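The primary structure of each chain is shown beneath.
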Amino acid sequence: MKKVLITGAAGFLGSHLCDRFIKEGYHVIGMDNLITGDLKNIEHLFKLKNFEFYDHDVSKFVHIPGNLDYILHFASPASPIDYLKIPIQTLKVGSLGTHNLLGLAKEKKSRILIASTSEVYGDPLVHPQTEDYYGNVNTIGPRGVYDEAKRFQESITMAYHTYHKVETRIVRIFNTYGPRMRLNDGRVVPAFIGQALRGEDLTVFGEGLQTRSFCYVDDLIEGIYRLLFSDYVYPVNVGNPNEITIKDFAEEIIKLTGTDQKVIYKPLPVNDPLQRQPDITRAKEILGWQPEVDRSEGMRRTLEYFKGLSQEELYRSEHKDFSSYS
Ligand code: UDP
């Protein structure tokens, strides 16, 4: 049985990847330090013989006994408010964590896929974003800790590929949504759905004219799976090019939830990108991939998930104490 290590296994994308690799018949080792992940996302896997879990911070030395065929590095805080709360950990998991996992891949002769991000393009001046655009990032802004860690991550990954001949893959992930997003992680999809379900007004930042392009999680996982098994080593954008302003998105959610909430306006966070849309020509050509789930269907499935949360979960505000994480 082939063995795969998935870091960030208890998180949104990591847990969906665990499900996919279990379904494909792999032995899956999930790793997470649970700083932003939640064991609830993978508790259904604990009873399986071909699933193991390590509570470990990948920015410290990573040891896995025996052979290891694949590594998928998905451990990282992934929401702008998390970067503000835990900036050092965000930098460390993208840089030191990636270094450790590349070292592990070299040692075990594993193929490694690294989760990069559309944030490497920063507040992009090229639209839509193609992989050969170098980006427009403020290194010292609030998002810099994430963006620069991910940019470093791409560089060290290419260096391990060219210098150590490690088999590497890099996916640049654009805004993705679906079941298991953290209700209070501050990102727009859980924020708006949570507000609508609690009967609160929807908080649009700025004038809401900034755009995003939202990809349903199943589509993203399929793109990542195909990239891992392709022979392409350069970064590939994976996302849904269907672009919408945040203001229109808020209206869509009000319609979808059938609530009569209003939209209220709050200040735009610093360095919030004005526009974002993936050019997926490369993914189409190399992976034969394109998204299949449109936003109305994806949002319907996502709403079902959030409706299934308990009242306690829906109203719980997050007061996690991060001080025990170094
Ligand atoms: N946003 C918003 N209201 C919220 C949360 C987010 O208007 O309650 C906006 C945010 O300013 C950004 C967009 O929604 O322009 C997407 O934000 P998110 O945090 O989901 O991810 P980003 O794409 O900025 O990393």
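Definitions and cut-offs
- Position labels on residues start from 1 in each chain and follow its written sequence.
- Only residues with pLDDT of at least 70 are given local features in this predicted model, and only at 80 or more are side-chain atom pairs given and counted; all residues enter the totals for whole chains, interfaces and linings.
- Hydrogens and water are ignored here; the side-chain numbers use all heavy atoms of the structure.
- The numbering of helices and of strands both runs from the N terminus, where a helix is a DSSP run of H or I of at least 4 residues and a strand a run of E of at least 2.
- A simple rule labels every residue: compare its accessible area, found with a 1.4 Å probe on the protein chains alone, to the largest value its type can have, and call it buried under 20%, exposed over 50%, or partly exposed in between.
- Working rule for contacts: check all heavy atoms of both residues, and any pair within 4.5 Å makes them a contact.
- Surface accessibility in these figures is a Shrake-Rupley result with a 1.4 Å probe; residues are shielded only by whichever protein chains are displayed.
- Whether a residue is near a molecule or strand is decided by its heavy atoms; if any one of them lies within 4 Å of it, the residue is near.
- For this analysis, a polar contact is any N or O atom pair within 3.5 Å, provided that within protein one partner can donate a hydrogen and the other can accept it, and provided that sequence-adjacent residues contribute only side-chain to side-chain pairs.
- Three classes are used: nonpolar for Ala, Val, Leu, Ile, Met, Phe, Trp, Tyr, Cys and Pro, charged for Asp, Glu, Lys and Arg, and polar for all others, with Gly counted as polar.
- Put simply, two rings from Phe, Tyr or Trp (the six-membered ring, in Trp's case) pair if the centres are within 6.5 Å, and we call them stacked under 30 degrees between planes, edge-to-face over 60, tilted for the rest.
- When the NZ atom of lysine or the CZ atom of arginine is within 6 Å of a ring's centre and also within 35 degrees of its normal, the charge is said to sit over that ring.
- Nonpolar cores were defined as sets of buried Ala, Val, Leu, Ile, Met, Phe, Trp, Tyr and Cys residues, with membership established by side-chain atoms within 4.5 Å.
- Salt bridge, as applied in this entry: a Lys or Arg side-chain nitrogen positioned within 4 Å of an Asp or Glu carboxyl oxygen.
- Any two strands between which DSSP finds at least two bridges are classified as paired.
- Whether a crossover is right-handed depends on one test, that the path from the first strand over the helix to the second runs clockwise when the strands point away from the viewer.

1. A look at the overall build of the chain
Logical step 1: The number of helices and strands found in the chain is 10 helices and 13 strands.
Logical step 2: For the C-alpha atoms alone, the extent of the chain along its principal axes is close to 55 × 45 × 40 Å.
Logical step 3: Expressed as a percentage of its 326 residues, the buried residues of the chain come to 56%.
Logical step 4: Taking the intrachain contacts of the chain between residues at least 6 apart in sequence as the baseline, contacts between residues at least 24 apart amount to 81%.
Logical step 5: About 14400 Å² of surface is accessible on the chain, with carbon and sulfur atoms providing 53% of the total.

2. Details of the site of the ligand
Logical step 1: Taken together, 18 residues lie near the ligand, and Thr203, Phe205, Arg212, Asp272 and Arg276 sit nearest.
Logical step 2: A distance of 2.6 Å separates a nitrogen atom of the ligand from a polar backbone atom of Thr203.
Logical step 3: Here the ligand loses 95% of its free accessible area of 510 Å² to cover by the protein chains.
Logical step 4: For the shell around the ligand, the secondary structure elements donating two or more residues are α5 (188–198) and β8 (202–205).
Logical step 5: Taken together, the residues of the shell around the ligand break down into eight nonpolar, four polar and six charged.

3. As for the side chain of Asp272
Logical step 1: When you line up the elements, Asp272 lands in the loop between β13 (263–266) and α8 (281–287).
Logical step 2: A residue is classified by how much of its surface remains accessible, and Asp272, at 13% relative accessible area, is buried.
Logical step 3: A distance of 2.9 Å separates polar atoms of two side chains, one belonging to Asp272 and the other to Arg212.
Logical step 4: For Asp272, the contacting residues outside a window of four places in its chain are Asp123, Arg143, Gln210 and Arg212.

4. What about the packing of aromatic side chains?
Logical step 1: A full pass over the atoms with the stated rule returns 16 aromatic pairs.
Logical step 2: Taking 5.8 Å as the distance between ring centres and 70° as the angle between the ring planes, the aromatic pair formed by Tyr232 and Tyr234 counts as edge-to-face.
Logical step 3: With a relative accessible area of 46%, Tyr234 lands in the partly exposed category.
Logical step 4: An aromatic cluster is built from Phe21, Tyr26, Tyr70, Tyr225 and Phe229, whose rings are joined through pairwise contacts.
Logical step 5: One cation-aromatic arrangement involves Arg20 over Tyr225; the distance from NZ or CZ to the ring centre is 4.1 Å.

5. Here's the deal with the nonpolar core
Logical step 1: Ranked by size, the top nonpolar core spans 62 residues in total, and within it Phe21, Val28, Leu72, Phe74 and Ile224 carry the most contacts.
Logical step 2: Sort the elements by how many residues they give to this core and helix α6 (residues 217–228) lands first, with seven residues.
Logical step 3: Discounting residues that sit within four places of it in the chain, Leu72 has contacts with Val4, Leu5, Ile6, Thr7, Leu17, Phe21, Leu113, Ile224 and Leu228.
Logical step 4: The next biggest cluster of nonpolar side chains, apart from the first, holds 19 residues, and it includes Met31, Ile64, Ile112 and Val166.

6. Considering the pattern of salt bridges
Logical step 1: If you walk through the whole model with that rule in mind, you get 23 salt bridges.
Logical step 2: Here Lys60 ties to Asp57 by a salt bridge, and the two come within 3.6 Å at their closest N and O atoms.
Logical step 3: The class for Asp57 is buried, based on a relative accessible area of 16%.
Logical step 4: Where Arg301 meets Asp218, a salt bridge forms, and the shortest distance between an N and an O atom there is 3.5 Å. Residue Arg301 is located in helix α9 (residues 295–307), and its partner Asp218 is located in helix α6; the two are separated by 83 residues in the primary sequence.
Logical step 5: Each of Glu119, Arg143, Arg212, Asp272 and Arg276 takes part in a single network of salt bridges with overlapping partners.

7. Here we look at the environment of Asp294
Logical step 1: Tracing the chain through its elements places Asp294 in the loop between α8 and α9.
Logical step 2: Since its relative accessible area comes to 43%, Asp294 is described here as partly exposed.
Logical step 3: In this structure, the C-alpha to C-alpha distance between Asp294 and Asn240, residues 54 residues apart in sequence, is 8.8 Å.
Logical step 4: In this structure the side chain of Asp294 is engaged in a polar contact, spanning 3.0 Å, whose partner is the backbone nitrogen of Glu297.

8. A short note on the pairing of strand β2 (residues 27–32)
Logical step 1: Counting buried positions over the six residues of β2 gives six, a clear majority of the element.
Logical step 2: Residues His27, Ile29 and Met31 of β2 are buried on one face, and the alternating residues Val28, Gly30 and Asp32, pointing to the opposite face, are buried as well.
Logical step 3: The sheet contact formed by strand β1 (residues 3–7) and β2 spans five bridges and is parallel. Counted as the bridge partner of Leu5 is Ile29 from β2.
Logical step 4: Between the parallel pair β1 and β2, the chain is carried across by helix α1 (residues 12–23), and the sense of this crossover is right-handed.
Logical step 5: As paired strands, β2 and strand β3 (residues 51–55) are joined by five bridges and run parallel to one another. Within the sheet, the bridge partner assigned to Gly30 lies in β3 and is Phe53.

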